[in-house]
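# Residue-level structure breakdown
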Amino acid sequence: MGKFVLIVLLILSFQVFSQDIVIIHTNDLHSHLNGLSPETEYTPLVKDMDPTLGGMARIAGYIDNQKELFGDKLLVVDAGDFLMGTLFQTIELNEGFQLNLMHKMGYEFATLGNHEFDFGPDSLAKIIRNSMANGPIPQLIFSNYKTSKIASDADFVKLFEDNIILPYSINEKNGYRIGIFSLMGVDADESISSNQGLQFENQKKVARKTARFLKKKEKVDLVVVLSHCGVAMNKKGKWQGEDVELAKSVHDIDLIISGHSHTMLPEAIKAGNALIVQTGHMGLNVGKVEISFDSYRKPVFQYQLIEMNDNITANAEIQNLIDSKVPQIENEILADLGLHYQTIVAETSFNLELDEFHPFESNLGPFVANAIHYQLNQNHQIGVDVVLVASGIIRYNIYKGNTGMQNINDVFNVMPLGFGGDKIPGFPLGKVYINGGELKKLMELILTVYSIKPTHFLHFSGMEVECDMSKGIFRKISRIRIGDDLNGYKTIDISKKSSQQVSIASNTFLLSFIGQLKKMSFGLVNIIPKNSEGISIENNNYLIDLDPNTEGIQEAKEWIAIYDYMKSFKDINGNGIPDIPRIYEQKRNALIMLNQ
């Protein structure tokens, strides 16, 4: 009897998991059509074990492989923020290229994240319409957008009326009915930089109604949510976040394909009745969920995360389509700046990194702030005391790879977000004046909230801040000094009655945020951005004009400041390429900590 049981167990242990449905998923691709980084070493069509990860050609090759294995069992989806993050985003308004590319790769469904709205809702509508004019696109699902009477989203709302964007969809795979809907989370909603009165219905309310309808009325076998809400781990090592709360609150959901938080989940999270999965970001990994149904038609899951490295056989057709768009980027964006896509900008012998979840120590944050400080003061004599850079605007690291060579897209990828009044991508930089007491309030607020909102942490240049983190709210900072390492630092008056004015430069997104602090903090923090004469200013009145003698405003951009800063470095090894100085090799505290 014992031998019989052992044989049965051995047989069962070698049985293959029987898949009824297989779902391949991504999230937060952010227009990273090529692998990274550095992009100069990305060779997807050559098996040379290059150090880069990601790339649409690799993802397409992996999807091709899974189609061969699973046929009509396979479903391919994306959980939003597929746009915005590389120079390829610059051709989207007129071209609508990426959605067509995703369809060619095998994507069947996708939802919208907050960064799809970076150009505004009606510009997003234009991107979608142009994409459809070029060929088929994945079916777009968007369930909790609240249509309104605002003029700025009229064209976007028309996409719902024309059934181009659906609130849900039912898809059949291998004889099983899959109900799919999507959600925009609260944090994602608040992160929409071009928010022009856009409104979203409560995601839990919409999820309960939609999931119940799909399960009870449509009799689907599986309810899948493409969720741009996110998950995060708390200090106790427990998973939390909007998607965890969603799963616990809505029991008819079976699977949440998560996005927005850029969380890489090697193992799925079980919450409520649902499984939560997420791949991280930028296509570095692809998620695979294998589903079988038991005798009661209940789903049983297996999940794995697959790294998109050089072991993946890439799809040459997809890579050729991507490469064909590079001349367009050069002609429309880079030519006026005297730049070429493949030109090597600089080299590095070390990584410059920012952990977006723990931004307090970094070498990339200070590097970026110093680059902008250099650009405005040394290159253009704008005269700025302090440069502020929000962690959430820094989107990717600078990696050494095998050679250390960085091209212009590697530079752009660091700070790719936003747009201004010209055709050059990137948030414009502005300059305002605040007094020493207001500067202290701002930095005190950041020290209070950054542990909850790491993206709000401010890196800076031209300033030293001394603080004691053990003290209470608005009592942590004891001294602020303004200056630089070359000319030294001077202590400023940071009292409530301070009249000492400090000039602050940052991008327009952050400056608009500073002007809204009184409302956002319920009156606790009131900072009034002013001009050099002490008169309050708002909107574009604080834009920096790099060349006042030329008609219009010649906007300053963060990524161009990084490029110029890199080009200013010395060529140490004599190969004609500037080297990033080793003073940036070590990560450093942004603050001078007292009583530690």
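The preceding data block contains the structure.
In what follows, the accompanying structure is described. Everything numeric in this text was worked out from a predicted model, so none of it was measured.

## A short note on unusual backbone geometry
Here the amide bond leading from Leu36 into Ser37 is cis, since omega sits at -5°, within 30 degrees of zero. Among the structural elements, Ser37 can be located in the loop between strand E1 (21-26) and helix H2 (56-70). Geometrically, the link from Ser37 to Pro38 is a cis peptide bond, its omega value of 5° lying close to zero. Position of Pro38 relative to the elements: it lies in the loop between E1 and H2. One non-glycine residue with positive phi stands out, namely Asp28, at about 55°. Examined against the element boundaries, Asp28 turns out to sit in the loop between E1 and H2. In this structure, His30 is a non-glycine residue whose phi angle is positive, near 50°. On the basis of relative accessibility, which here comes to 2%, the residue His30 falls in the buried class.

## Brief notes about the sheet that holds strand E7 (residues 168-173)
The mixed open sheet is built from 6 strands, whose spatial order is E7-E8-E10-E13-E15-E14. A single partner strand is all that each edge strand has here, and the edge strands are E7 and strand E14 (269-271). Each strand of the sheet is rotated relative to its neighbour by a mean of 25°, with strand direction disregarded. For E14 and strand E15 (residues 274-277), the ladder comprises 3 bridges, and the chain directions are antiparallel. Each bridged residue has a counterpart across the sheet, and for Lys270 the counterpart in E15 is Leu275. Contacts from helix H8 (residues 203-217) reach E7, strand E8 (176-184) and strand E10 (222-228), with the element oriented near 170° to E8.

## Description of the packing of aromatic side chains
In total, this model carries 27 aromatic pairs according to the counting rule given. Centroid distance Tyr145 to Phe156: 5.0 Å. Interplanar angle 80°. Geometry classified as edge-to-face. Taken together, the residues Tyr145 in strand E5 (residues 145-146) and Phe156 in helix H6 (residues 154-161) connect sequence positions 11 residues apart. Judged by its relative accessible area of 7%, Tyr145 falls in the buried class. Under the relative-accessibility criterion, Phe156 is labelled buried at 0%. Every member of this aromatic cluster is reached through a ring pair, and the members are Phe117, Phe142, Tyr145, Phe156, Phe160 and Phe200.

The rules behind the values
- Residues numbered from 1 in each chain as written.
- Predicted model: local features only at pLDDT ≥ 70, side-chain atom pairs only at ≥ 80, totals over all residues.
- Heavy atoms only, no water.
- Helix = DSSP H or I, 4+ residues; strand = E, 2+ residues; numbered from the N terminus.
- Buried < 20%, exposed > 50% of the residue type's maximum accessible area, 1.4 Å probe, protein only.
- Pairing = 2+ DSSP bridges.
- Axes fitted to C-alpha atoms, helices over the stretch in contact; angles between N-to-C directions.
- Contact = heavy atoms within 4.5 Å.
- Phe/Tyr/Trp six-rings, centres within 6.5 Å; stacked < 30°, edge-to-face > 60°.

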